[in-house]
Amino acid sequence: MASSRTSSSASSPRRPNTAFRRLRGQRSPGEFAAEVRRAAREIGEHVSCDARYIGRVESGEIRCPNYAYERVFRHMFPGCEPADMGFAPREAVRGRGARDKGGAPPASTESPSGGRNPGSGGGPLDRFDSSKESDVLRRAFISSGPAAMAAASLGGAPGARTPRHAGEAEASALEQAVRRIRLLDDRHGADHLYRRAAQPLRAAYELLDAETRRQSVADRLHAGAGELAISVGWLAHDSGRFGDARSHYAEALATARVAGDAALEAHAFCNTAFLARDAGRPREAVRAAQAAQQAGRQLASARLMSLLTLREAGGWAQLGDRAACEETLLRARTLFERGRSEDDPEWMTFFGEAELELLEAQCWSALGDWRRAAEHGGRAVELADPHFARNIALYTAQLAGDLAQGGAVAEAAVAGERVLDLLAQVQSARIRGMLASMARVLRSHARVPAVGAFLARHDTQAV
């Protein structure tokens, strides 16, 4: 056994993780470790990171982080996959191979804080036992109203078999499941819903192989499965799991193409564009938004085309093309002003004047025009529907960030306090990430009383 380990070590010598070292930048290992711990608190994780851990990563001793650290690093570096951070694939370091590299424990079983084995599923976000609220959310999706029917009809119970035949009841249950996820997301955010929603999604796609007597039912099943994939993808997207979100959106797009469903295709491309922008891939965002518009032209919905055009504008803004962005924003507003129609997709209920203002604020923010961004962000907050708690938190976080970047630090801190209030009921890694970025901008102004109060609360409040 000893000779085997020696041979393995010789064939695969430890290599410094230079990619992770570049991410640390000019910060000392101790300073960076403190930022890792702070980022973990922002997403509800607990890691005992110190300068020694950072050194072990950079030396190559830790070839792959455990699941808790991986979530924290993804939160700190949005759009970066573990490979971009210099880590090896998890399957390559499981078992004895992890010990071959300097005696460290296997990467898949290294405890983040002396606790349980992360390989069994992760930290508090997976256990749903960190608070009474998270347990309420866990039970709400599976146990209440239409979702209970959906779980049963879709074979959501463990060990349930896929039905050989599917009819109106299954199609209706699938549509209700989609509505239920969207309702809970609007009220509470995505973090505690994602893993619970994945099980009905698998069952929904198994239904597509069941026998149906009418084409109309088959079409509804395909549309429902695709919309459910997009909804679950959005839960992954909003909770910072960009890789999972991309996979779910691609699954929905494939379903749309198979079924020849232009509405579903437009929706899938719309969310793909949104994800690409958030992941820092602006050219992909532009192309996906343009593809969405091509599909959307088959529908009679000016509001849909307005939203898809705004997705394109966001890509142009990230590319720094002000002229293209302004032209696209003007086109989006013109389409929006044509008003609603009976052909507007059901999933677009969130898209009103407040969302229009928010998306335009994001464009001006990407272009560095903080004054105009804050103007539109302020209007978004004023116009927000009080039923959409997650959106109010998002709009206010956007406003706070733009105010901070524009030098209105006291006003930014006040807005940040409002976001912290909302995060008591909304679980969204994306919003927490926005607030954390704003807090970093404000740290050099900590002597301003409002800023100091906000930073103290932000740093101590588990959100």
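This text follows the structure it describes.
Below: a short report on this structure. (Residues numbered from 1 in each chain as written. Predicted model: local features only at pLDDT ≥ 70, side-chain atom pairs only at ≥ 80, totals over all residues. Heavy atoms only, no water.)

1. Topic: the nonpolar core
- In this structure, Leu 228, Phe 351, Ile 431, Leu 442 and Phe 454 are the most contacted members of the largest nonpolar core, which totals 93 residues.
- It is helix H12 (residues 215–238) that provides the largest number of residues to this core, a total of ten residues.
- With residues up to four places along the chain from it excluded, the contact list for Ile 431 reads Arg 390, Ala 393, Leu 394, Ala 397, Val 419, Leu 423 and Val 426.
- Within the second largest apolar cluster, 22 residues are counted, among which are Ala 33, Val 36, Val 47 and Ile 54. (Core = buried A, V, L, I, M, F, W, Y, C linked by side-chain atoms within 4.5 Å. Buried < 20%, exposed > 50% of the residue type's maximum accessible area, 1.4 Å probe, protein only. Helix = DSSP H or I, 4+ residues; strand = E, 2+ residues; numbered from the N terminus. Contact = heavy atoms within 4.5 Å.)

2. Looking at the environment of Ala 389
- Among the secondary structure elements, Ala 389 is positioned in helix H20 (residues 389–405).
- Put simply, Ala 389 and Leu 423 are 34 residues apart on the chain and 9.2 Å apart in space, counted from C-alpha to C-alpha.

3. Structural notes on the pattern of salt bridges
- A full pass over the atoms with the stated rule returns 22 salt bridges.
- Here Arg 24 and Glu 58 are joined by a salt bridge, their closest N and O atoms 2.6 Å apart. Placement of the pair is Arg 24 in helix H2 (residues 18–24) and Glu 58 in helix H4 (residues 51–59), with a sequence separation of 34 residues. No difference in accessibility class separates Arg 24 from Glu 58, as the two residues are buried.
- Arg 371 serves as the salt-bridge partner of Glu 375, at 2.7 Å between the closest nitrogen and oxygen. Separated by four residues within a single helix, Glu 375 and Arg 371 lie in helix H19 (residues 370–383), roughly one turn from each other.
- Ionic contacts of the salt-bridge type, sharing partners, join the residues Arg 333, Glu 357, Glu 360 and Arg 379 into one network. (Salt bridge = Lys/Arg side-chain N within 4 Å of Asp/Glu carboxyl O.)

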